[in-house]
Each structure stands twice: as C-alpha cells, then as structure tokens.
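Working through the structure, step by step
Below, each chain spelled out in residue letters.
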Amino acid sequence: MSNNSDVFQKVPNRENLWTIEKRNEMRVPAFIYGDEKIINELRADFNRDWSATRQIMNVASLPGIQKGMLAMSDVHPGYGFPIGGVAAFDPAEGVVSMAGVGYDINCGVRTMITDLTKEDLEPKKKDIISELFQSVPAGLGKPGKIKLEINQVNELLIEGAPYVVNMGYGTDDDLINTEENGVIPGADPEKVSHKAKKRQYNQIGTLGSGNHYLELQIVDKIFDQEVAKTFGLFQNQLLVTFHCGSRGLGHQIGTDYSIKLVKASKKYGLPLPDKELGSAPINSAEGQSYIAAVNAGINCAFANRQVIAHIVRKSFKKMFNTEIRQLYDVGHNTSKFEIHDGKKLLIHRKGSTRAYGPNQDHVPIAYRKVGQPVLIGGTMGTSSFILTGTDLGMKETFGSACHGAGRCMSRTKAKKKYWGKAVIGNLEKKGIIVRAHSFAGIAEEAPGAYKDVEHVVNTMHNAGVVKKVVQVIPVGVIKG
Amino acid sequence: MSYEYFEHQADIGIRGKGNTLAEAFEQAALAMFEIMVDTIDLNPTESQIVEIEADNSEELLISWLSELLFLKDVENKIFSRFEISKIDDNTIVAKAYGEKIDFSRHKLKLEVKAATWTQLAIKKHDNGYIAQCLVDV
C-alpha cells in the first residue's frame, strides 16, 4: 500500500466532503466527512499500522461494498473498521464483517424528556442524582434487577424491547420511539452461544462501565424552533440521556464470531489485511449465522435500554411526581438490512448513528415530517446534540451520521494527565455533579481526552447530512 | 516475568512477558485484570480450572482471555494469580486464583469487554516470550 499520506481529495462544490479515489485493492472510493483539521489528523496518522485511513481503505476492498466506504466526522481507528465508519453491502455478492459491528452490539443512546425545567431541578438536583445512582445498576460486576433463565433469554433475544415491556418495564409509546420499534426480525438464539446467554442472566438493565453513562441535561440552545417543537423540546428543559449496549451477551457474540469469521475469510478467500477484519459472504452459512446472532444482540441492547428507561421513569415519579416520555432510542454499532433507493442492503454502522431524514417509513409518525431525532453524545463536561436527518443524508450516507466526539487521547495518557477527583471537582465548579462507580474511569473519560463534539457535529451539519436541532449541556452525570 | 500496557487511541493494549510462553500468557491475564481491579487487594483463595482448545496460538490467547472474562461475568469472580500447567499451540490447562467480587473491599475500575485481534502478537525472542493484544473497554 502507498505510504503517501496525501490520498485525500476535496470533493468540488461540497462543504466538508473528501474522497479517496479507488486504488490498490479498493473496490469503491471512500468518502470522508471532515474539514481541513479532521483530514489533517488523518494525514498525520496515515503511516501507523492501524490508522483510520488504512482501515477505511481496507474496508473499501471487501467484496460487494456499494457506492463507497463512508467515514463520519468523528472518524478514528477502531478494530478493523474505523469508528465513525459506514459500509453497505449487496446481499448477493457482499460480506458481513464482525469488525463493522464491534464487541458492543447495538451500543446506543436513549433520550427521555421531562416537563421540568432547570429551575424545577435545582432544589432536588443532588437528590435525583443520588436516587438514579442508587437505582440504575452501573459499574463492573453490578447485577441488574431482573434475573433471567435460559428460556427467557432466548425469548428476549427474539422479541427485544417488547419482551420487557410485556413484563411491565415501559410503555408502547417507548417502543414507537425506538429504532426498529425495539425489535429486529431474524434473530436466532441458536446462533448465540450458551456462554453469551449465561453472561446475560444478570446483566439486563445494567449500564456497564467505560464510556457508558447516564446524564441529566438541560436544553441550552435551540437551532431549529419548528423541529424542536415537533420533538417536544423547549429552552431550559430537563432531559435524561443514557448510553449503553448489549453488555456481556454482545461482547461474547463479538468474541465468538471474531474467531469464526477469521476462519470464514480464509475459507472463502476474502481479503484479510487485518485479522480483526474477518468476514463471511452474506449468503454463506457463517454469514447467515453471524447476522442472526447480531440481530439477537441488537434486540438484547434495545431490551437493556428499555429496562433502564423504566428505572429512570420510576425515579422521576418518586422524586418529582412526574411522568417522563421517551424522545428516541437509536443504536450506533449495528449491521442491519435496510432498503435504500429500492435496493436491499446490509448496512454496517460502526460508531455511526442511524439518521433518517423526512418522510421515511421507519421514522415514528409524530416525527415523520421532519426526520428522526439523531442523538449525539458528547463527553462528561461538554455538551450533547439532538439533530435530525436530511434528504441529503438519505442520498449520501444511507441515512447515517457521526455518533459522538471520539477519543483523541489514549486511556493510558489520560490517566497520566488527569486525576479522577480533580476532574470531578472541575466539573462541579461548572455546576455538573458527577457520581462515579470508579475514579479510574473518570480520569480516562476526562473531557480533554475527547475531540470537541461541537466541531464534530458542526462538520456534519455544514455538510448537510444532518441538521442541528438543539444543544444540551450536562448538569449531572452517572458513570459506571 | 512482567506485564505492561501499550498505547491505543480508543482502547488499551496489554503485553505479558515471561521466560516461557506460559508466563507470558499468565502475565497478559494479570494485565487484563489489573485494568478492572487493583489486584493487590484480592485474596486469591478460590481456584478455578480453565481449559482452552484452539486452532492456533493467536486464537489460543483470545480464547484464554475471553474465558477469564466469561468467568468474571458468570461466577462474579475476579482473579489475580494464574498457573498454566500445560500450554502448546492448541491447548491450555490452567488454574486461575481469585475470589468473588466484594464491593466493600475491592477497588473496581474499568470493565474489559473483550480481547481483540488488533495488534495481537505472540513472539519468541532472545529473552523469552511476549503475548499481547488490544482489549476493548
């Protein structure tokens, strides 16, 4: 492969869109959403073994990839696939890759909206954060409130979030406002190992650790009044957002199939420039098994976030005697069949949020005119954004956007540079209360260890792929 | 016999080093658990037999670390000492020593989700062996 880092060409007459022409083994060009700063970061990293650009070019070399390998503005190196990567494959000729989903299947974000304001929150802020810290299981080794048996896990993997709603955890309205209504067809528990299922017996409804969090947020800026109104958002409003995935079950599916798909790559003679990029033809037995297992993992994550939503709702009822409603739930580590321009495609989104635009059947009726709420998490001390999809995004990115800020500093460097208690102290000065199960986790998730989320979001907004609706700022954070 | 961490933008690299392949694998496991807990606080009073089979030594490292993560989740146990009694390219027979998670005594840190193929390497050099990979946290 060429060592010349200047593979990037600006797409003429388009803001923040770059391309890498087809070269070497690439079957399609790549398209990268970025400004000079983002592209310069990619250029600087180009010659590293595992640079995001090499990963972009590797994925572009997989059979059956359609149109182009896409990278969003939060692009950074992942496992085989870059984070912020989107790749669509033809079902007949294409492949499914474990790297395009990752080890936390359907990790995603759910936002709940309250009818409370910043002023309503203030007198009870510490109390509600303590209540949520006590009631939402988080951190390493914390079991969930529901214990499942093997047959229940099997049912949950097929039925997704509706399964736990039927158990009393949530409402039909929550399901309407979840991507895929909280359940994707084609899940087969037989394709999920017994080990994966056992890891989930007591992990349903748990937040986990690392970059997973629950935040109380205030609507700070409104960019689009009309869409904000459609979403039920207003200035100074209190929101609750949390970020987590499919927990041990998803991690084990990832591990099991990382081994199986490396073997499948060799068996079917597929490119394997990086062992992590194991893949299988979609229509092979191995490919079909993995897709059925991923679907099960996707359903598990929807159910997991559904149980947490119920716990959050109960806490708000107790502390404020108010009902909270779900704005939306959307994943950012998935591989799903979707129809684009009349063609069925397998869309991998690795650290990329589905971002459907206006008039799409898969968007809840209440939002259909304006497009789906796109939930982009920032970091502890910074802001998050709610955006909406656009027609251009449907055309260019298969209805996908960035997913967050993206790290710019390794965890080891962050640990050396920051001290957990000092990070919490600095945030408290800004009015942000942080409760954490681990101080080690705090240092590693320090705001300075991440890219500037505003820059990442503005890049996508200015490219026209998504449209900013509101910016929210955190006032309380719970970390695993 | 020791372990170290290496840099990655999003996650953590673990590297076990030893005079023998067994020691390198044991140290890689210890490096992984040290990410999750201060292992010095553990009383490794309970032992667990761990047996792994794999097609090659790379897959063996992934499966070894993954099995320990599996036991962490389902047995709610964390480990601080590892004794590999048999190892070749396809097999490990080992004992892991640790105890049940106790929130009052153990300083729990970051959960490791998975051991990955990224930067996975098993190498023999003049002074012994290394076993390394990136772990997803």
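Please refer to the structure higher up on the page.
Residues numbered from 1 in each chain as written. Chains lettered and ligands numbered in written order. Predicted model: local features only at pLDDT ≥ 70, side-chain atom pairs only at ≥ 80, totals over all residues. Heavy atoms only, no water.

Looking now at empty space enclosed by the protein. In total, this model carries four cavities of 30 Å³ or more according to the counting rule given. In this structure, the largest cavity encloses a volume near 570 Å³. For the lining of the largest cavity, the residue count by class is 12 nonpolar, 16 polar and nine charged. Of the residues in the lining of the second largest cavity, the class split is one nonpolar, five polar and five charged. (1 Å grid on protein atoms, 1.4 Å probe; cavity = no way out; pocket = protein on both sides within 12 Å on 5 of 7 lines; lining within 4 Å. Points joined across faces, edges and corners; volume = space filled by probe spheres on them. Nonpolar A, V, L, I, M, F, W, Y, C, P; charged D, E, K, R; others polar.)

All names here are of chain B. Taken in spatial order, the three strands of this open sheet run β3-β5-β4, and their pairing is antiparallel. Pairing within the sheet leaves two strands with one partner each, and these edge strands are β3 (46-53) and β4 (77-87). Across this sheet, the average inter-strand angle for adjacent strands is 25 degrees, counted without regard to direction. Looking at chain direction, β4 and strand β5 (residues 91-100) are connected through nine bridges and run antiparallel. Residue Arg-81 lies in a different strand from β5, and its bridge partner there is Tyr-97. (Pairing = 2+ DSSP bridges. Helix = DSSP H or I, 4+ residues; strand = E, 2+ residues; numbered from the N terminus. Axes fitted to C-alpha atoms, helices over the stretch in contact; angles between N-to-C directions.)

Now for helix α5 (residues 150-159) of chain A. Residue and element names in this part refer to chain A. Regarding α5, the residues found buried are Val-153, Leu-156 and Leu-157. Along the long axis of α5, the arc covered by the buried residues comes to 100 degrees, so they all point the same way. The inward-facing, buried residues of α5 contact α6 (161-166), α8 (194-199), α10 (247-267) and α11 (285-320). Two residues or fewer after α5 comes Gly-160, characterised by a positive phi angle close to 65 degrees. (Buried < 20%, exposed > 50% of the residue type's maximum accessible area, 1.4 Å probe, protein only. Arc of directions from axis to C-beta. Contact = heavy atoms within 4.5 Å.)

Often, the extent of an interface is quoted as the loss of accessible area upon association of its parts. If you look at the interface, chain B gives 38 residues, while chain A gives 44 residues. Both sides together, the interface formed by chain B and chain A hides about 3800 Å², and carbon and sulfur atoms give 55% of it. Of all residues in chain B, Gln-9, Lys-113 and Trp-117 of chain B give up the largest surface area on contact with chain A, accounting jointly for 22% of the area buried on that side. One can count eight salt bridges joining chain B with chain A. Among the salt bridges present, the one from Lys-413 of chain A reaches Glu-7 of chain B, with a minimum N-O distance of 3.7 Å. Here chain B is connected to chain A by 15 residue pairs in polar contact (both at pLDDT 80 or more). Of all elements in the fold, only α2 (57-75), β6 (114-115) and β8 (128-136) of chain B reach the threshold of two or more residues within the side of chain B that touches chain A. Taken together, the residues that form the side of chain B that touches chain A break down as 18 nonpolar, eight polar and 12 charged. (Buried area = accessible area lost by both parts, 1.4 Å probe. Salt bridge = Lys/Arg side-chain N within 4 Å of Asp/Glu carboxyl O. Polar contact = N/O pair within 3.5 Å; in protein donor to acceptor, adjacent residues only side chain to side chain.)

Before going further, it helps to examine the sheet that holds strand β5 (residues 83-89) of chain A. Residue and element names in this part refer to chain A. Read across the sheet, seven strands follow the order β1-β2-β3-β4-β5-β13-β12 without closing on themselves; strand pairing throughout is mixed. With one partner strand each, in any of the chains shown, β1 (8-10) and β12 (333-340) form the two edges of the open sheet. Averaged over all pairs of adjacent strands, the angle between their axes in this sheet comes to 25 degrees, without regard to strand direction. In this structure, strand β2 (residues 17-20) lies alongside strand β3 (residues 30-33), joined through four bridges in antiparallel fashion. In the sheet register, Ile-20 faces β3, and the bridge partner there is Ala-30. The strands that helix α2 (residues 52-59) touches are β1, β2, β3, β4 (69-76) and β5; relative to β4, the one it contacts most, it runs at about 160 degrees. Of the strands in this sheet, β12 and β13 (343-350) are in contact with α11, which crosses β12 at around 105 degrees.

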